[in-house]
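Residue-level structural notes
Listed below, chain by chain, are the residues.
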Amino acid sequence: MVSRASTFASVDIGSTKVCTLVGDMTPERHIRILGVGVSPAAGVSKGMIDNIQEATEAIVNSVEKAERSSGTHIVAAHVSIAGGHISSMNNKGVISVPNRNHPIDRNEIGRALEAARSLSIPTNRDIIHVLPRYYMVDGQEHVTDPTGMYGQRLDVETHVITGAVTAIQNLTKCVEGAGVQAEELVLAPLASAEAVLEREEKEQGVILVDIGGGSTDIAVYVDGAVYYTSVLPVGGYHLTHDLVAGLRVPFSAAETSKERYGHVVPSAIDIEHTVDIESFGSQGQKSIPRRRMAEILQARAEEMLEMVFLDVKRAGFDEMLAAGVVLTGGTANLQGIVPLAEQVMRMPVRVGVPSGLVGLSDVLVNPAYATSVGLLQWAMRETEANVNYYGRPSPAPAVGDWLKRLGGWVRALLPQ
Ligand SMILES: Nc1ncnc2c1ncn2[C@@H]1O[C@H](COP(=O)(O)OP(=O)(O)OP(=O)(O)O)[C@@H](O)[C@H]1O
Ligand SMILES: [Mg+2]
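Residues numbered from 1 in each chain as written. Chains lettered and ligands numbered in written order. Predicted model: local features only at pLDDT ≥ 70, side-chain atom pairs only at ≥ 80, totals over all residues. Heavy atoms only, no water.

Turning our eyes to something else, we now look at the site of ligand 1. Around ligand 1, the structure places 20 residues, and the nearest of them are Ser15, Thr16, Lys17, Glu255 and Lys258. Within the side chain of Glu255, one N or O atom sits 2.3 Å away from an oxygen atom of ligand 1. Residue Gly330 places a main-chain N or O atom 2.8 Å away from an oxygen atom belonging to ligand 1. Alone, ligand 1 offers 650 Å² of accessible surface; in the complex the protein occludes 89% of this. Of all the cavities here, the one that holds ligand 1 is the second largest pocket. Secondary-structure elements contributing two or more residues to the shell around ligand 1 are helix 6 (236-247) and helix 7 (251-261). Sorting elements by how many residues they give to the shell around ligand 1 places helix 7 first, with 3 residues. The residue inventory of the shell around ligand 1, partitioned by class, reads 3 nonpolar, 13 polar and 4 charged. (Near = heavy atom within 4 Å. Polar contact = N/O pair within 3.5 Å; in protein donor to acceptor, adjacent residues only side chain to side chain. Areas by Shrake-Rupley, 256 points an atom, 1.4 Å probe, with all protein chains shown as cover. 1 Å grid on protein atoms, 1.4 Å probe; cavity = no way out; pocket = protein on both sides within 12 Å on 5 of 7 lines; lining within 4 Å. Sits in = over half its atoms within 2 Å of the grid points. Helix = DSSP H or I, 4+ residues; strand = E, 2+ residues; numbered from the N terminus. Nonpolar A, V, L, I, M, F, W, Y, C, P; charged D, E, K, R; others polar.)

Below you can see the structure in the form of structure tokens.
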């Protein structure tokens, strides 16, 4: 029997697609993709569930495809969460260390993070993550890991992400309705960041911007840690919708033309170049100047990027982000998006694509799959460090607990 102790699954529920992945880690520490299941999303709008039955069916569809291609049965998975209900803040936790002759261990770190969790949030909101940014030991600042240090007082600065209880319940219900236990919910842009950001970029300051179909998810990293996250309710859908309104063509035709011929720098397009698009009315097809399409797309893309810039600026971070912007999400495929983003945000910009994958990975080498791949990496990193990414290190594990945990993964994916 194949050992499945280190096999993981992820489900990214986006506004346009649901993507389920099954993967493991090779001895050379590459992620090997064992199964992929992508299906069109339904019942999801702006990153949030708005029809339980349709969303559940879309998840079932995607999970079944991933199960078939990997020859496994998925029982548990890491699941992405996004939507306008998400909010975030920075909060501090402080504890005193009772025994000064005993070095700080994971119990103390766990208590400090627990203290950071105990902030007053409305009863209709739940904490999704408490992410440590840095620690202080007896006033010594910017300690990245206090394990093994001596001190009497431990402070932790954290980034706390909360979501609406109902939105979390709806998401969990759909995933569980598809027969999969939601092992953990991970904020979508944090997962995308996991897949595409370099450590150096996080250290020097970087904005991860995932522009999907229905939402634009932002995560800002400074000094190697998450400082700010946010979700804006705009995405590729709005670009397509502007083509529908501006060119008077059906949505599906506008979508196909956008993906094939779309550009956001009109001056880069030959003025003579026309494209044939299916249209409403009696005409059947019409010929549209490609530059006209680009003008429509540019206007909206520029507005979206300005919204991102203002959002980050309001949070006070535009000055100290030397590594600039990394774009992910399907809309990062739009031609001309990098120069346009550089012009709007006045920073270096690149597109982030998952890399270093082996196995069934061809389709995933696309910025649209950054969240899915990042979720898998998150799950692997978590198990390796035995840290629960709600930000709480699990209590120091007894050997039996470790085995139980491994047992959980073994059960999670058994060959059918
Ligand atoms: N080549 C392309 N050019 C322009 N847009 C593209 C291209 N390929 C995909 N897109 C757009 O990317 C969007 C889908 O991106 P993605 O798969 O990241 O979204 P999602 O994760 O389903 O949604 P969200 O994260 O917003 O909930 C669609 O709007 C699609 O039109
Ligand atoms: Mg997405």
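As a further point, take the packing of helix 1 (residues 52-70) against helix 3 (residues 165-177). Two elements in contact, helix 1 and helix 3, have axes whose closest approach is 8 Å; the angle formed by their N-to-C orientations is 45°. If you check the angle between helix 1 and helix 3, you find them oblique. As helix 1 runs across helix 3, the sense of the crossing is right-handed. For the pair formed by helix 1 and helix 3, the contact residues are Ile52, Ala55, Thr56 and Ile59 on the first element and Asn170, Lys173, Cys174, Val175 and Gly177 on the second. Of the residues assigned to the contact of helix 1 with helix 3, the class counts are 5 nonpolar, 3 polar and 1 charged. (Axes fitted to C-alpha atoms, helices over the stretch in contact; angles between N-to-C directions. Parallel < 35°, antiparallel > 145°, perpendicular 65-115°, else oblique. Left-handed = near helix turned anticlockwise from the far one by under 90°. Contact = heavy atoms within 4.5 Å.)

Right, let's talk about the side chain of Thr158 for a bit. As for its position among the elements, Thr158 is in strand 11 (residues 153-164). A distance of 2.6 Å separates a polar side-chain atom of Thr158 from the backbone oxygen of Asn91.

Computed from the structure, the second largest pocket encloses a volume of approximately 1000 Å³. Lining the second largest pocket are 48 residues, and of these Ser15, Thr16, Gly212, Gly213 and Gly214 sit closest to its centre. Those elements giving two or more residues to the lining of the second largest pocket turn out to be strand 1 (7-13), strand 3 (31-40), strand 4 (44-45), strand 5 (48-49), strand 7 (76-81), helix 3, helix 6 and helix 7. Tallied by class, residues from the lining of the second largest pocket come to 16 nonpolar, 24 polar and 8 charged. (Points joined across faces, edges and corners; volume = space filled by probe spheres on them.)

Contact pair helix 6 / helix 7: the axes reach a minimum separation of 9 Å and the direction vectors enclose 115°. With respect to their mutual orientation, helix 6 and helix 7 come out roughly perpendicular. The element helix 6 and its partner helix 7 pack so that their crossing is right-handed. Taken together, the residues of helix 7 that come into contact with helix 6 (itself represented by Gly236, Tyr237, Leu239, Thr240, His241, Leu243 and Val244) are Phe251, Ala254, Glu255 and Lys258. Residues belonging to the contact of helix 6 with helix 7 are distributed by class as follows: 6 nonpolar, 3 polar and 2 charged.

Looking now at helix 8 (residues 290-314). With 25 residues, helix 8 should cover 36 Å at 1.5 Å per step; its first-to-last C-alpha distance of 36 Å lies within 8% of that length. Note on helix 8: the residue one or two positions beyond its end, Gly316, has a positive phi of about 90°. (Expected span 1.5 Å × (residues − 1).)

So, about the domain arrangement of the chain. Parsing the chain into structural domains produces domain 1 (87-165) and domain 2 (236-297). A straight line from the C-alpha centre of domain 1 to that of domain 2 covers 51 Å. (Domains from an automatic or database assignment.)

Attention now goes to the packing of aromatic side chains. Geometry of an aromatic ring pair is reported as the spacing of the ring centres plus the angle between the planes. On inspection of all chains with the given rule, the structure shows 1 aromatic pair. Looking at Lys17, its charged tip hangs above the ring of Tyr369, at a distance of 5.3 Å from the centre. Lying across the ring of Tyr227, Arg133 places its NZ or CZ 4.1 Å from the centre. (Phe/Tyr/Trp six-rings, centres within 6.5 Å; stacked < 30°, edge-to-face > 60°. Lys NZ or Arg CZ within 6 Å of the ring centre and 35° of its normal.)

The biggest cluster of nonpolar side chains holds 61 residues, and the ones touching the most others in it are Ile13, Ile59 and Leu190. Among the elements that take part in this core, helix 10 (residues 370-385) stands out by supplying 7 residues, more than any other. Val234, Leu243, Ile277 and Leu305 belong to the second largest nonpolar core, which has 45 residues in total. (Core = buried A, V, L, I, M, F, W, Y, C linked by side-chain atoms within 4.5 Å. Buried < 20%, exposed > 50% of the residue type's maximum accessible area, 1.4 Å probe, protein only.)

Right, let's get into helix 7. Residues of helix 7 that are buried: Ala253, Ala254, Ser257 and Lys258. The arc that holds every buried residue of helix 7, seen down its axis, measures 135°, which confines them to one face. Opposite its buried face, helix 7 presents the exposed residues Glu259 and Arg260, each directed more than 90 degrees away. In this fold, the buried residues of helix 7 make contact with helix 6, strand 16 (274-278) and helix 8. (Arc of directions from axis to C-beta.)

This next bit is on the environment of Gln169. Here Gln169 is to be found in helix 3. On the accessibility criterion, Gln169 (49% relative accessible area) is partly exposed. Gln169 sits 120 residues away from Ile49 along the chain, and the two C-alpha atoms are 9.9 Å apart.

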